[in-house]
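Commentary on secondary and tertiary structure
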Amino acid sequence: MGFLDRIKKRLTKVGEQFTVTNGGTYRGVFRMLDTSTMRTYLDDADVMGVTHPGLLLITHGDATIEPNNTITRDGRIYTVLKTSQHRIGSMTVVKIALLA
C-alpha cells in the first residue's frame, strides 16, 4: 500500500462527510481557520471579507472542489474561497479548501 492509499484510507476512516454544489459527496477533516492560515492563502481584502468563523478543509486530492462552490456541512452552507493541491512529486496527495 502506497502513501497515497494510506492517506485516502485515513481520510475515509476519520473524515466527516460533506456535499459540494456539483453534487459530489466526499469525506474530509475540518478545522477552524485561524488568522495566520488565512493570511497564508488570502490577501488582506479577502481576509476582511470573512465575517464568521471560517473553516479549513483537508480532503482527497481528487475531490472536485473549486472556488465559489458551496459546501454543506451539518446543515450549514459554506463558500469555497480558495483551494490548494498539495503534492509529493507529481502525485496530488490532499486538497485544501478555505471556507467562509
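Residues numbered from 1 in each chain as written. Predicted model: local features only at pLDDT ≥ 70, side-chain atom pairs only at ≥ 80, totals over all residues. Heavy atoms only, no water.

**Thoughts on the pattern of salt bridges**
The tally for this structure, following the rule as stated, stands at four salt bridges. A salt bridge links Asp 62 to Lys 8; its shortest N-O distance comes to 3.5 Å. Linking Asp 62 in the loop between strand E3 (55–60) and strand E4 (70–73) with Lys 8 in helix H1 (residues 3–14), this pair joins segments that are 54 residues apart in sequence. Between Arg 31 and Asp 34 there is a salt bridge, with its nearest N and O atoms 3.5 Å apart. (Salt bridge = Lys/Arg side-chain N within 4 Å of Asp/Glu carboxyl O. Helix = DSSP H or I, 4+ residues; strand = E, 2+ residues; numbered from the N terminus.)

**Considering the pairing of strand E2 (residues 25–32)**
Alignment of strand E1 (residues 16–20) against E2, held across four bridges, turns out to be antiparallel. Counted as the bridge partner of Glu 16 is Gly 28 from E2. The antiparallel pairing of E1 with E2 creates a hairpin that spans four residues between the two strands, and Gly 23 there sits at a positive phi of about 95°. Two elements, E2 and E3, share five bridges in a ladder whose sense is antiparallel. Its bridge partner being in E3, Val 29 is matched across the sheet by Ile 58. (Pairing = 2+ DSSP bridges.)

**Quick look at unusual backbone geometry**
The backbone of Asn 68 sits at a positive phi, close to 75°, despite the residue not being glycine. Mapped onto the elements, Asn 68 comes out in the loop between E3 and E4. Since its relative accessible area comes to 67%, Asn 68 is described here as exposed. The phi torsion at Asp 74 lies on the positive side, around 55°, for a residue other than glycine. Here Asp 74 shows up in the loop between E4 and strand E5 (76–88). Take Asp 74: its relative accessible area is 68%, and that puts it in the exposed class. (Buried < 20%, exposed > 50% of the residue type's maximum accessible area, 1.4 Å probe, protein only.)

**Quick look at the environment of Thr 19**
Tracing the chain through its elements places Thr 19 in strand E1. Thr 19 sits in the partly exposed class, given a relative accessible area of 32%. Separated by 58 residues in sequence, Thr 19 and Ile 77 have C-alpha atoms that sit 9.6 Å apart. Not counting chain neighbours up to four residues away, the residues in contact with Thr 19 comprise Gly 24, Thr 25, Thr 70, Ile 71 and Thr 72. (Contact = heavy atoms within 4.5 Å.)

**Topic: the nonpolar core**
Judged by nonpolar contacts, the single largest core of 13 residues is most densely connected at Phe 18, Leu 57, Ile 65, Ile 71 and Leu 99. Listed by contribution, the elements that provide at least two residues to this core are E1, E2, E3, E5 and strand E6 (91–99). Residues within four places of Phe 18 in sequence aside, it is in contact with Gly 24, Thr 25, Tyr 26, Arg 27, Gly 28, Phe 30, Leu 57, Thr 59, Ile 65, Ile 71 and Thr 72. Residues Leu 33, Leu 42, Leu 56 and Ile 96 belong to the second largest nonpolar core, which totals nine residues. (Core = buried A, V, L, I, M, F, W, Y, C linked by side-chain atoms within 4.5 Å.)

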